[in-house]
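For reference, the chains in residue letters:
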Amino acid sequence: MFKKVITVFILSFYTVFCSAQQVRPSKSSEIYRELKTLKHLPKVLYLAAHPDDENTGLLSWLINDQNVETGYLSLTRGDGGQNLLGTEQGAALGLIRTHELLEARKLDGAQQFFTRAIDFGFSKNTTDTFKQWDEDSIIADVVWVIRKFRPDVIICRFPPTAAAGHGQHAASAVVAEKAFKLAGDKTAFPNQLKYVNAWQPKRVLWNTYRFGAVNTTTENQLKVTVGQYDAQLGMGYGELAGLSRSLHKSQGAGTQSVAGIRTEYFAHVVGEPAKATLFDGVVKTWTAKGNADIDQSLDKIISAFNFNNPDLSLPALLALRKKVMALKDVDLKRDKIKSLDNIILSCAGFMGEAVTNQAEAVAGDHYNFRLNLISRASDPLVVENIKWLSQSESFNRKLSKDSLITIQHDIQIPADAALTEPYWLAKSPTNAATFSVPNDTLIGLPEAESPLNVLVGLRIGSEKFQVKLPLSFKKLDPVRGDVVEALRIVPALELKFTQPLYVVKENEDLHLSLNFKVNSNKQFTNGKLSLMYNGERLGSTDVNSLSGKDFTVDYVIPKTKLASIKSSRLPLDANFVADGVTYNKKQVLIQYPHLPSLQYFAPATAVVMKGDIQAKVKKVGYIEGAGDFIPEFLRIAGIQVDVLKDEDFYGNIDESGGNSNQNKLSQYDAIVLGVRANNTEKKLGRWMPFLWSYVKAGGNLVMQYNTNQDTTVDKLGIYNFSIANKRVTEENAAVTFLNPNHKLLNFPNKITADDFKGWVQERGAYFPAQWDAAYEPLFEMHDTDEESLQGSTLYAKYGKGNFIYTPLAFFRQLPAGNVGAARLFFNFLSAQKN
């Protein structure tokens, strides 16, 4: 780990960093908090496994009450979790949850870090977890974050035992303790020391908890009181924590904002024990560090701070900057100058942005940008120079108080500019459990800093600053107002299949369509489109003229060619070569109101499912739950899918007082409930009686998994069953057929053990633990060394119809193109046709 890299990590102290698209001044209350934090030297690193594992109440208290610089290290980005917002899974979900964490950190004020670990879903213990994860790699990443952030205290959310409730939770505690012992050892991961120094925190603590019936707190543990009211926030820290945690929207982690104080408990793990406070034995002040003059300067600045005129603090802050710049401790100087420079710019009321009207840009093309600059300080700031990427110019212009200046400039995007995408998704993963990172010094960062910036050289008093303004896109949205987002670099041409999956039966030709999206004015000539399977060309066609910016090319793979390939699952790759350049990427654009636009690029691929895949249904009603791919999958398979709404159950009252839609459900061969529909669809309780009537009259109802959290309906099944947190996480776990002759296993597809091969991530979750005798379980399965479970699918006859409850993970298998899972799901849908 930490191979030699060209990029220099330790950048100039004079650079002011900006993670947002604009440099904007903080509010006076925020500046005041930042000044108090500058006065306190301790740091805290909170460590857990996933987004939404962090204790936001404690983070809020540490930052706003104790004025301690605090970070949250989540080992994963949550890519193995569930999505309540849409259909994104895997890497796309991890990207969403990364930015939800960043939005939460904007509220509570903490910093955010990650390792390269890929979240693979639920695991039951650390043994299971480290079968997937490379423990040494994760420990190295945690050591790197410790050495880079330099915390004095590390706080774990979980213990390394079964009390953690999740193998990845427990694993986070295991790696925390091991990393603590190695971070200060210069012989451990020595390549890191090219960029950072060894650092030894004082201690590791476990933040014990009461979760439901589980209570790991005791009165002899270290205790702190949190949740106090903060007049500058206008709320208590527990209230702020609720707002912060509720930004984990894709996970459905909304939390109450609870007013009032409460107690947090801490158990000692390793290092020097704490007896009275979290910071026992830690150097807390500049005076204790031997810099009493800095303490004295900060005391005066804080005491004299004017909330209405923060620029009055500038002379004292500039004098303080000289003292900090004289520090011999290079790491401390880097940290504090970064914070101090942000305070100075905020006190000056400085705002800067470099914006264009284009949301997307192509490397090598030219775009017009507007540089907007303004200051609100009484003594003018001076813009000395501006660097427009590769072009520099002297400027030497004063920014008069509250007077906006706008400079127009044509900028050519460098021909070698990389596509805009998360650094951890730019290359294929090292393996199924570890992201590949192109530059080791990026490890830990939530996102990489933009490489495309306008650099503005400022002089404030006698001090010089360089401010980075990322190239950005700005528009006026009629609802949201000004929207400023990162300029997204896209390829000159994008290529993608018009659908991610194709289902083709035996003895059929495969009809494909590929979409070309041209993002540049460049002319593409003499192009050839090729389709590849396992590195071999299945076919190709010439595309001599590209008609317009967005067009589609149809292609047919003959049945004879398909028949020569024995596999039932064919991943296809497409590429288009024109003028010696290969284009083979498609844009994945994610847009939700609570997040900025998120973009990454995936190969132009599709999965073909072929063979004996039979479905005897033509029309399906679907009740949406948490986002999943099943409606789209069914449509791809040629089945009509109607998403059911209120009017489909109630309809209109006719003149005789009857319900004109009362028989509408009978038109459906099957009705399917999406995953967690009982947790997300609040009208389900009103609809269930209609669904039971539909089944009784001869309908077929297929219900996917639900949880016991925030339910709408107490009784889910026609006959009683109780959901438990029982699951089979081993995707290759053996499956026993309890009644091989059951109709659901024989029509229209003969289901065998082969149909359970190639499943991804898990067999299923939230299996029923107990059920009425009227139900017939179909399968028995279990994880290694655990009890056998029979609740993965329950079948019951009711009246003339069928009810099937199946917590098998079809919502993961069908997007992955698993043919066996599709055959089984089609059997469930076809139950009434047998």
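Just so we're clear, the structure is a prediction, and the values are computed from it rather than from any experiment.

S.K.: So what's going on with the overall build of the protein chain? Which residues, and what values?
M.R.: Broken down by element type, the protein chain carries 17 helices and 44 strands. Rg of the C-alpha trace for the protein chain: 30 Å, near the compact-globule value of 28 Å for 834 residues, within the 12% margin. The 834 residues of the protein chain split such that 56% are buried. At a minimum sequence separation of 6, the contacts of the protein chain that also span at least 24 residues come to 74%.

S.K.: Kindly report on the confidence of the model for the protein chain, identifying the contributing residues and their values.
M.R.: Put simply, the protein chain has an average pLDDT of 93, and 96% of its residues get 70 or more. Counted against residues more than four places away or in other chains, residues 3-19, with its pLDDT under 50, gives 48 contacts.

S.K.: Could you give an account of the pattern of salt bridges, with specific residues and numbers?
M.R.: Applying the stated criterion to the full structure yields 44 salt bridges. As a salt-bridge pair, Arg-334 and Asp-335 come within 3.8 Å of each other at their nearest N and O atoms. The burial state of Arg-334 is the same as that of Asp-335; both residues are buried. The partner of Arg-812 in a salt bridge is Glu-762, and the shortest N-O contact between them spans 2.8 Å.

S.K.: Could you give an account of the pairing of strand 3 (residues 69-74), naming the residues involved and the relevant values?
M.R.: For strand 3, the buried fraction is high: six of the six residues fall into the buried class. On strand 3, burial covers both faces: Glu-69, Gly-71 and Leu-73 on one face and Thr-70, Tyr-72 and Ser-74 on the other are all buried. Across six bridges, strand 2 (residues 43-48) lies against strand 3 in parallel orientation. Bridge pairing in strand 3 links Ala-48 to Ser-74. Crossover strand 2 to strand 3 through helix 2 (residues 56-64) is right-handed. Each parallel crossover has a hand, and for strand 3 linked through helix 3 (residues 90-108) to strand 4 (residues 111-114) it is right-handed.

S.K.: Please give an account of the domain arrangement of the protein chain that cites residues and values.
M.R.: Each domain of the protein chain was delimited in the assignment, giving domain 1 (42-284 + 428-449), domain 2 (493-610) and domain 3 (619-830). One C-alpha centre belongs to domain 1, the other to domain 3, and the line joining them spans 36 Å. Taken together, the 14 residues of domain 1 in the interface contact 17 residues of domain 3. Buried area between domain 1 and domain 3, summed over both chains or domains, comes out near 1300 Å², and the portion from carbon and sulfur atoms is 39%. Three residues stand out in domain 1 for area buried against domain 3, namely Gln-82, Gln-89 and Lys-124, and they jointly supply 42% of the buried area on that side. In this assembly, domain 1 and domain 3 are joined by two salt bridges.

S.K.: Give me the packing of helix 2 against helix 7 (residues 237-245): which residues, what numbers.
M.R.: The contact between helix 2 and helix 7 brings their axes to 8 Å, and the two run at 125 degrees. Of the possible angle classes, the one that applies to helix 2 and helix 7 is oblique. Every pair of crossing elements has a handedness; the one defined by helix 2 and helix 7 is right-handed. When helix 2 is examined against helix 7, the residues Thr-56, Gly-57, Ser-60, Trp-61 and Asn-64 are found in contact with a partner set consisting of Tyr-237, Leu-240, Ala-241, Ser-244 and Arg-245. Its residues placed into classes, the contact of helix 2 with helix 7 shows four nonpolar, five polar and one charged.

S.K.: Can you tell me about the side chain of Gln-587, naming the residues and giving the values?
M.R.: Along the chain, the position of Gln-587 falls in strand 31 (residues 585-590). Its relative accessible area of 17% is what places Gln-587 among the buried residues. Engagement of the side chain of Gln-587 in a polar contact is seen with the side chain of Glu-360, the distance being 2.8 Å. Residues in contact with Gln-587, not counting those within four places in the same chain, are Glu-360, Arg-488, Val-490, Glu-494, Lys-517, Gln-599, Tyr-600 and Phe-601.

S.K.: Tell me about unusual backbone geometry, and please be specific about residues and values.
M.R.: With an omega of -5 degrees, the peptide bond between Phe-747 and Pro-748 qualifies as cis. Relative to the assigned elements, Pro-748 resides in the loop between strand 39 (735-737) and strand 40 (764-771). Within the chain, Asp-402 stands out as a residue other than glycine whose phi angle is a positive 60 degrees.

S.K.: Before we move on, could you go through the environment of Ala-831 and cite the residues and values that matter?
M.R.: Relative to the helices and strands, Ala-831 resides in the segment after helix 17 (819-829). C-alpha of Ala-831 to C-alpha of Pro-689: the two residues are 142 residues apart in sequence and 21 Å apart in space.

S.K.: Let's hear about the side chain of Asp-669: which residues, and what values?
M.R.: Note on placement: Asp-669 falls in the loop between helix 13 (646-650) and strand 36 (670-673). Looking at Asp-669, its side chain comes within polar contact range of the main-chain nitrogen of Lys-618, at 2.8 Å. At 2.9 Å, the side chain of Asp-669 and the side chain of Lys-833 are in polar contact. With residues near it in sequence (within four places) discarded, Asp-669 still touches Val-617, Lys-618, Lys-619, Tyr-694, Asn-700, Leu-829 and Lys-833.

S.K.: Tell me about helix 10 (residues 330-347), and please be specific about residues and values.
M.R.: In a regular helix each residue adds 1.5 Å, so 18 residues correspond to 26 Å; helix 10 covers 25 Å between its end C-alpha atoms and thus fits that length. With 14 of 18 residues buried, helix 10 is to be regarded as a mostly interior element. Measuring from the side-chain oxygen of the N-cap residue of helix 10 to the backbone nitrogen of Asp-331 gives 3.2 Å; that N-cap residue is Asp-329. One or two positions beyond helix 10, positive phi appears at Gly-349, with a value near 65 degrees.

S.K.: Outline the packing of aromatic side chains, supporting the account with residue identities and numerical values.
M.R.: A complete count under the given rule lists 34 aromatic pairs for this structure. Relative to Tyr-775, the ring of Tyr-719 has its centre 5.9 Å away and its plane inclined at 85 degrees; by these criteria the two rings are edge-to-face. With Tyr-719 in the loop between strand 37 (700-704) and strand 38 (721-728) and Tyr-775 in the loop between strand 40 and strand 41 (776-777), the pair connects residues that are 56 residues apart, well separated along the chain. Accessibility expressed as a relative area gives 4% for Tyr-775, which makes it buried. Taken together through their ring pairs, the aromatic side chains of Trp-692, Tyr-719, Phe-721, Tyr-775, Tyr-798, Phe-803 and Tyr-805 make up a single cluster. Geometry around Phe-114 places Arg-77 over its ring, the cationic atom sitting 4.2 Å from the centre. A cation sits over an aromatic face here: Arg-150 above Trp-199, 4.6 Å from the ring centre.

S.K.: Break down the sheet that holds strand 34 (residues 619-623) for me, with residues and values.
M.R.: The sheet built from seven strands is open, its strands ordered 35-34-36-37-44-43-41 with mixed pairing. Strands at the two margins of the open sheet, each flanked by one partner only, are strand 35 (640-643) and strand 41. In this sheet, strand 43 (residues 794-798) lies alongside strand 41 in antiparallel orientation, the contact comprising two bridges. For Glu-776, the partnering residue across the bridge sits in strand 43 and is Tyr-795. Sheet strands touched by helix 15 (residues 684-696): strand 34, strand 36, strand 37, strand 43 and strand 44 (801-806). Its angle to strand 37, the strand with the most contacts, is close to 140 degrees.

S.K.: Describe the environment of Phe-721, with residues and values.
M.R.: Note that Phe-721 resides in strand 38. Overall, the relative accessible area of 14% leaves Phe-721 in the buried class. As a C-alpha pair, Phe-721 and Pro-777 span 56 residues in sequence and 12 Å in three-dimensional space. Not counting residues up to four positions away in its chain, the partners in contact with Phe-721 are Leu-716, Pro-768, Gln-770, Trp-771, Tyr-775, Leu-794, Phe-803 and Tyr-805.

S.K.: Tell me what's going on with the sheet that holds strand 12 (residues 262-271), and back it up with residues and numbers.
M.R.: Within a beta sheet, neighbouring strands are joined by backbone hydrogen bonds and run either parallel or antiparallel to one another. Spatial strand order, 4-3-2-5-6-12-9: seven strands in an open sheet with mixed pairing. Pairing within the sheet leaves two strands with one partner each, and these edge strands are strand 4 and strand 9 (222-226). Mean inter-strand twist for the sheet, computed between neighbouring axes without regard to direction, equals 30 degrees. Bridging between strand 6 (residues 203-208) and strand 12 involves six bridges; their strand directions are antiparallel.

Here is what the cut-offs are and how they apply
- Residues numbered from 1 in each chain as written.
- Predicted model: local features only at pLDDT ≥ 70, side-chain atom pairs only at ≥ 80, totals over all residues.
- Heavy atoms only, no water.
- Helix = DSSP H or I, 4+ residues; strand = E, 2+ residues; numbered from the N terminus.
- Rg over C-alpha atoms; globule rule 2.2 N^0.38 Å.
- Buried < 20%, exposed > 50% of the residue type's maximum accessible area, 1.4 Å probe, protein only.
- Contact = heavy atoms within 4.5 Å.
- pLDDT = per-residue confidence, 0-100.
- Salt bridge = Lys/Arg side-chain N within 4 Å of Asp/Glu carboxyl O.
- Pairing = 2+ DSSP bridges.
- Right-handed = clockwise from strand over helix to strand, strands pointing away.
- Domains from an automatic or database assignment.
- Buried area = accessible area lost by both parts, 1.4 Å probe.
- Axes fitted to C-alpha atoms, helices over the stretch in contact; angles between N-to-C directions.
- Parallel < 35°, antiparallel > 145°, perpendicular 65-115°, else oblique.
- Left-handed = near helix turned anticlockwise from the far one by under 90°.
- Nonpolar A, V, L, I, M, F, W, Y, C, P; charged D, E, K, R; others polar.
- Polar contact = N/O pair within 3.5 Å; in protein donor to acceptor, adjacent residues only side chain to side chain.
- Expected span 1.5 Å × (residues − 1).
- Phe/Tyr/Trp six-rings, centres within 6.5 Å; stacked < 30°, edge-to-face > 60°.
- Lys NZ or Arg CZ within 6 Å of the ring centre and 35° of its normal.

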